[in-house]
Amino acid sequence: MYQRNMGAGFNFHNLIGFAPSIRFHQQPFVIQQPFSDSMRPHRNLMGSSAPLDFIPVQRPSVPQITSVNFNHVSNIHTSPPQQTVKKKRPNDNLSLPPNKRAKFNSHNSPRTLQLDQPTSSVREEDFLVPVNHGTEEITIGIWDYFLTAHMKDEDLKRKLKLRKCLLSVMSGAFPNCRLFLVGSSMTGFATRSSDVDMCLMITDQEIDQKYEATVILNSISRVFRKCSFMRSPQVIKAKVPIFKFFDAISQVECDLNINNIVGIRNTHLLRYYAYMDWRVRPLMLFIKFWARFHDINDASKKTISSYSLTLMLIHYLQAGVSPPVLPCLHSLKPHLFSTFNKVYRLTLDFDENNINFISRNNVTLGELFLGFLNYYANRFDYNTQVISVRLGKAIHRREVNDSNNSGQWKFLNIEEPFDKSNTARSVFDYHVFQRILRVFKVSYNTLEKSRNVKDILSRPF
């Protein structure tokens, strides 16, 4: 357990920063456990010629976090349901005649069905995951990985406890500080093994990240070295310096920065994108898994950071498919994502009623992943185009207004939505960029032929 006499202000029920405003529902469409073979539609997996419409899966329990002001998030529908089904086992539907089976409209949420006849229904605790002929194995592979890998509620609880402990230590030196959980743990893109990113806000003003932030982090490091739960503490100098350590109690690796306001803003933005469509999170987690397998998801190795990969996916879902899966939130709701908003007033509570957007895109997970690979392997022009999630489109490099840092715009160019820097500036080596491009091309060509994700995860390309 964490010691209680480590600093003033240690209080397990008083969360500061983002935490009090979280009405946290990890994902309305997450699965808690993979379904067993007996639950699978064998007609679909065993090569039968019967039409492949959906995969029934179990509903997860809702994460309950007693230390957070929790309100249940209602079902998020990406388009109005034609008809909502109610109480019957999904496998009963498989025995019905084809003309009476439930047909899934994939731009609806997985709890919504469009029925030819009102005779078929599912239990409330079940979902239907849409698949399509030719890409069903891709969809199943992505979904199965998501079920086992996504962050569970107990993982989040451990991170929240660590946050309260750290705040108790630092509030003695910074009485009015705020400690924000940022990054994938808050956006919904975290896996069970993801580290936790935190931002210590000691002032509402900007601070010099190169000098002031480093000095503060070194001071914090000296204090934390005395804590029994701290392992391998070190301050890493970078554009935004971080204090990195491993917590022996929660078994979580933590990266702490100082006053990185942009990190708080993009956490707020990415959380909205993550929950606008149920397909976004499974796609993002699988893309990161695929990228790590091929060793192209590590900025320290001059490859693509997880943040840049996330912006690449959002851009593809905005501008690489038609009709779009995601809108441009900066254009749709500029007041929600304005840089003039105070960060401590931002909320992570996604309310679909605030966003007037309904996606008409019916494409399945497997088709979207295949299209993502094709977009960045063959369609995107790296020589002239810059990814801009802020504008919801690719812009020309001449439109980038960054004359003071023109050297950061090299081979892969992704505009940060708030400070408009290049989030992919780590990809500055030509040979590394060519290897990244080769991974996209070979992965697409392989998957296009085999239609099985195992073939792009058998060996590094």
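Please refer to the structure placed before this passage.
As the structure is a prediction and not an experimental result, all values here were calculated from the model.

Conventions used here
- Residues numbered from 1 in each chain as written.
- Predicted model: local features only at pLDDT ≥ 70, side-chain atom pairs only at ≥ 80, totals over all residues.
- Heavy atoms only, no water.
- Core = buried A, V, L, I, M, F, W, Y, C linked by side-chain atoms within 4.5 Å.
- Buried < 20%, exposed > 50% of the residue type's maximum accessible area, 1.4 Å probe, protein only.
- Helix = DSSP H or I, 4+ residues; strand = E, 2+ residues; numbered from the N terminus.
- Contact = heavy atoms within 4.5 Å.
- Expected span 1.5 Å × (residues − 1).
- Pairing = 2+ DSSP bridges.
- Axes fitted to C-alpha atoms, helices over the stretch in contact; angles between N-to-C directions.
- Phe/Tyr/Trp six-rings, centres within 6.5 Å; stacked < 30°, edge-to-face > 60°.
- Lys NZ or Arg CZ within 6 Å of the ring centre and 35° of its normal.
- Salt bridge = Lys/Arg side-chain N within 4 Å of Asp/Glu carboxyl O.

## Remarks on the nonpolar core
Grouped together as the largest cluster of nonpolar side chains are 70 residues, with contacts concentrated most on Trp290, Met312, Tyr316, Phe369, Phe372, Tyr376 and Phe440. For this core, the element with the highest residue contribution is helix α11 (residues 365-379), accounting for nine residues. When neighbours within four sequence positions are excluded, Phe369 is seen to be in contact with Ile138, Ile142, Leu283, Phe286, Ile287, Trp290, Leu447 and Ile456. Formed by 33 residues, the second largest nonpolar core is a distinct cluster that contains Leu179, Ile216, Leu217 and Ile258.

## As for helix α9 (residues 306-320)
Here α9 contains 15 residues, and its C-alpha end-to-end distance of 19 Å stays within 8% of the 21 Å for a straight helix at 1.5 Å per residue. Most of α9 is tucked away, with 12 of its 15 residues classed as buried. Among all positions of α9, only Ser308, Leu309, Thr310, Leu311, Met312, Leu313, Ile314, His315, Tyr316, Leu317, Gln318 and Gly320 are buried.

## A short note on the environment of Val386
By the secondary structure assignment, Val386 is in strand β10 (residues 385-388). When the C-alpha positions of Val386 and Ile414 are compared, they lie 5.6 Å apart, and in sequence the two are 28 residues distant. Those residues in contact with Val386 that sit more than four places away from it in its chain are Phe380, Lys393, Ala394, Ile395, His396, Arg397, Val400, Trp409, Asn413, Ile414 and Glu415.

## Things to note about the sheet that holds strand β11 (residues 393-396)
Taken together, the three strands give an open sheet; going across it, the order is β11-β10-β12, and neighbouring strands pair in mixed fashion. The open sheet has two free edges, formed respectively by β11 and β12 (414-415), since each of these has just one partner strand. Strands β10, β11 and β12 of the sheet are contacted by α9, whose axis makes an angle of about 90° with β10.

## With respect to the packing of aromatic side chains
Applying the stated criterion across every chain, the model contains 24 aromatic pairs. With a centroid separation of 5.4 Å and an interplanar angle of 90°, the aromatic rings of Tyr272 and Phe337 are classed as edge-to-face. On the criterion of sequence distance, the pair formed by Tyr272 in helix α7 (residues 261-274) and Phe337 in the loop between α10 (329-332) and α11 is long-range, its members being 65 residues apart. Both residues of the pair, Tyr272 and Phe337, count as buried. Against the face of Tyr344 rests Arg178, its NZ or CZ located 4.3 Å from the ring centre.

## Side note on the pattern of salt bridges
Evaluated as defined, the whole model comprises nine salt bridges. The partner of Asp277 in a salt bridge is Arg279, and the shortest N-O contact between them spans 2.7 Å. Taking the relative accessible area as the measure of exposure, Asp277 reaches 1% and is therefore buried. Assessed through its relative accessible area of 1%, Arg279 is described here as buried.

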